[in-house]
Amino acid sequence: MPVPPAIPIELTVGEVARRSGVPVSALHFYEAEGLIRSRRSAGNQRRFPRGVLRRVAIIKVAQRAGVSLKEIKEALARLPQDRPPAPEDWAKMSAGWRDALDARIRALVAIRDQLSSCIGCGCLSLSVCPLRNPGDQLGLTGSGARLIEAP
């Protein structure tokens, strides 16, 4: 009976890119930002543990949900580096992001619901527009240019 080929313990950056669907440049960026880790081979080539595929999948799904790379990095930093993230790890991470995502959803729904009144008006007035200046918050702080949301 033929022996099946050995499953590699480590993957090259090209293999990770091919299997994850993420460009090599993005993988380099994730590594530079501390989201994923590799080791260098004797020939100075990156070698990633197979578990990096799950980390990359988490990064992509979280980004798609609107989670910032900073938040993703903080969550991944709490995981052990010696094993791929497990379903329980994902459950904890996603639960931690849920409240912030729910708040963003509520804000977007409110903006969406207010858009119809602004489409008819089109004024985007600095004093009365509920989208540009809700409740005339800007007027309460004095005259001149003001930010609606702090950066």
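Above this text you will find the structure in question.
Quick caveat: nothing in here was measured; it's all calculated off a predicted structure.

Details of the nonpolar core
Next up, step 1: Core analysis: the largest hydrophobic core is formed by 25 residues, its most contacted members being Leu-27, Tyr-30, Ile-36, Ile-72, Leu-76 and Trp-97.
Next up, step 2: The set of elements that each furnish at least two residues to this core consists of helix H1 (13-20), helix H2 (24-32), helix H3 (52-64), helix H4 (69-77) and helix H5 (87-121).
Next up, step 3: With six residues, H3 is the single largest residue contributor to this core.
Next up, step 4: When neighbours within four sequence positions are excluded, Ile-72 is seen to be in contact with Leu-35, Ile-59, Ala-62, Gln-63, Val-67 and Trp-97.

Let's talk about the pairing of strand E3 (residues 46-49)
It is a general feature of regular strands that their side chains alternate between the two faces of the sheet.
Next up, step 1: Both strand E1 (residues 10-11) and E3 contribute to a ladder of two bridges, which runs antiparallel. When the bridges of E3 are listed, Glu-10 appears paired with Pro-49.
Next up, step 2: Bridge count for strand E2 (residues 39-40) against E3 is two bridges, and the pairing is antiparallel. Looking at the pairing, Arg-40 lines up with Arg-46 of E3.

Let's talk about H4
Next up, step 1: For H4, the full list of buried residues reads Ile-72, Ala-75 and Leu-76. Along the axis of H4, the buried positions cluster into a sector of 95 degrees, meaning they face one direction only. Of the exposed residues in H4, those oriented more than 90 degrees away from the buried face are Lys-70 and Ala-77.

A short note on the sheet that holds E1
Each strand in a sheet pairs with another by means of backbone hydrogen bonds, the pair being arranged parallel or else antiparallel.
Next up, step 1: Pairing in this open sheet of three strands is antiparallel, and the strands run E1-E3-E2 from one edge to the other. Since the sheet does not close on itself, it has two edges, and those belong to E1 and E2, each with one partner.

Quick look at the environment of Pro-84
Next up, step 1: Relative to the assigned elements, Pro-84 resides in the loop between H4 and H5.
Next up, step 2: C-alpha separation for the pair Pro-84 and Leu-53, spaced 31 residues apart in sequence, amounts to 8.3 Å.
Next up, step 3: For Pro-84, the contacting residues outside a window of four places in its chain are Gly-51 and Asp-89.

Some details on the side chain of Asp-89
Next up, step 1: With respect to the secondary-structure elements, Asp-89 resides in helix H5.
Next up, step 2: A relative accessible area of 9% places Asp-89 in the buried class.
Next up, step 3: When residues no more than four places from it in sequence are discounted, the contact partners of Asp-89 are Leu-79, Arg-83 and Pro-84.

Quick notes on the rules
Residues numbered from 1 in each chain as written. Predicted model: local features only at pLDDT ≥ 70, side-chain atom pairs only at ≥ 80, totals over all residues. Heavy atoms only, no water. Core = buried A, V, L, I, M, F, W, Y, C linked by side-chain atoms within 4.5 Å. Buried < 20%, exposed > 50% of the residue type's maximum accessible area, 1.4 Å probe, protein only. Helix = DSSP H or I, 4+ residues; strand = E, 2+ residues; numbered from the N terminus. Contact = heavy atoms within 4.5 Å. Pairing = 2+ DSSP bridges. Arc of directions from axis to C-beta.

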